[in-house]
Amino acid sequence: MEDISLHVLDIIQNSISAGASCVDIAIKEIPADHSLYVMISDNGTGMDSSEAERSLDPFYTTRTTRRVGLGLPLFKAQAEASGGSLEIDTEKGRGTTVMARFDTRSIDCLPLGRMEDTMATLILCHPDIEFRYTHSYYDKCFEFSTQDIKGKLGDLLISDLSVIGWIRKYISENIEKLYGGVASEVDSGT
Amino acid sequence: MKSIQELEQIKQRTLQEVNLRKDRKGTRVVVGMATCGIAAGARPVLLAFVEEVQKRNLQDITVTQTGCVGVCRLEPIVEVYKPGEEKVTYVKLTPEKAKRIVAEHIVNGQVVTEYTIGAAEK
């Protein structure tokens, strides 16, 4: 994967397969500590301790079509390659939280990438799941929740392409603002 | 700058259009989004479809995802389902190829044969 946002998109496919109705995504950047935390938390079926352990094994998967599952093992390897770590907190029937720390000093630390594209893709493909996105940079914080947006939309579907386009720009501009950048009207392209 | 007020305008505008297109059956664009697809570039391909469909203001098109299609080495893979026609599977897509598929296949009904799985597997 080229960046962290693609890993996030991939890891959340697990949440979706686990039947989650709510997924929380949190990015926490503390440049003074050279830390970037990624937390993905869902209310899906969860795993027992032996499943949780095996989920980090590339040759373990719950699907029946093939015998490999690379999502979590790849994400863990990337976090560790930077000198960070990955932990899974899960309980059968309660849900799963995946927490990764990246050390931003390392040359092997992946860039964060376009979180707005990951969020837009998730919301478009899974309009029935509630996604919450929290992004903090030092003490500044941006929060976004599909529940809030749906409340404003009434009969219009959140997966309507005009809404998805708006969400993508809205998130992108607010992340820019966290970094202190000036929001631009330039089309972000792909 | 995007504001919540603007969302309100989008809602008003779009709901009027949605009412017009309720009964018709549309085209489905399905993008493979497992680890293999994402690593190969499925997300920009999916978003290119979204942008192109929106830019052309096409109605009745749904863009969605599926898991691993099973031929990981040919990812990004996209399946296009047009009502009353056979499914077309496109492989090794890029955002540029996606735009061409919208123009030639979805709008004009001409399958872009050179991007199909049939052409790739020859």
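Residues numbered from 1 in each chain as written. Chains lettered and ligands numbered in written order. Predicted model: local features only at pLDDT ≥ 70, side-chain atom pairs only at ≥ 80, totals over all residues. Heavy atoms only, no water.

## Remarks on the overall build of chain A
When its secondary structure is counted, chain A shows six helices and six strands. Ordered by position from N to C terminus, the α and β elements of chain A give α-β-β-α-α-β-β-α-β-β-α-α. Against the compact-globule benchmark of 16 Å for 190 residues, chain A has a radius of gyration of 17 Å, which places it among compact chains. Taken over 190 residues, chain A has a buried fraction of 49%. Here the analysis covers contacts within chain A between residues at least 6 apart in sequence; of these, 60% occur between residues at least 24 apart. Roughly 8,900 Å² of accessible area belongs to chain A as shown, and the carbon and sulfur atoms make up 49% of that amount. Charged side chains in chain A number 18 positive and 30 negative. The centres of these two groups are separated by 2 Å. (Helix = DSSP H or I, 4+ residues; strand = E, 2+ residues; numbered from the N terminus. Rg over C-alpha atoms; globule rule 2.2 N^0.38 Å. Buried < 20%, exposed > 50% of the residue type's maximum accessible area, 1.4 Å probe, protein only. Contact = heavy atoms within 4.5 Å. Areas by Shrake-Rupley, 256 points an atom, 1.4 Å probe, with all protein chains shown as cover. Lys, Arg positive; Asp, Glu negative; His and termini not counted. Charge placed at Lys NZ, Arg CZ, Asp CG, Glu CD.)

## What about the sheet that holds strand E3 (residues 78-81) of chain B?
Residue and element names in this part refer to chain B. In space, the four strands of this open sheet follow the order E2-E1-E3-E4, with mixed pairing throughout. With one partner strand each, in any of the chains shown, strand E2 (61-66) and strand E4 (88-90) form the two edges of the open sheet. In this sheet, adjacent strand axes meet at a mean angle of 20° when their direction is disregarded. (Pairing = 2+ DSSP bridges. Axes fitted to C-alpha atoms, helices over the stretch in contact; angles between N-to-C directions.)

## Observations concerning the sheet that holds strand E6 (residues 140-145) of chain A
Residues and elements named next belong to chain A. One open sheet accounts for six strands, arranged E3-E4-E2-E1-E5-E6; its pairing is mixed. Each edge of the sheet is formed by a strand with only one pairing partner; in this case those strands are strand E3 (85-91) and E6. Pairwise comparison of adjacent strand axes, ignoring direction, gives a mean angle of 10° for this sheet. Across eight bridges, the pairing between strand E1 (residues 22-30) and strand E2 (residues 35-42) is antiparallel. Pairing of Ile30 across the sheet is with Ser35, part of E2. Contacting E1, E2, strand E4 (95-103) and strand E5 (130-137), helix H1 (residues 4-17) crosses the sheet at an angle of about 20° to E2. Across the sheet, helix H4 (residues 115-125) is in contact with E1, E5 and E6; its angle to E5 comes to roughly 170°.

## A closer look at the pairing of E3 of chain B
Remark: a regular strand shows side chains that alternate across the two faces of the sheet. Residue and element names in this part refer to chain B. Pairing geometry for strand E1 (residues 27-32) and E3, over four bridges, is antiparallel. Opposite Val30, over in E3, you have Glu79 as the bridge partner. Bridge count between E3 and E4: three bridges; the pairing is antiparallel. When the bridges of E4 are listed, Glu79 appears paired with Thr89. Between the antiparallel neighbours E3 and E4 lie six residues, among them Gly84 with a positive phi of about 80°.

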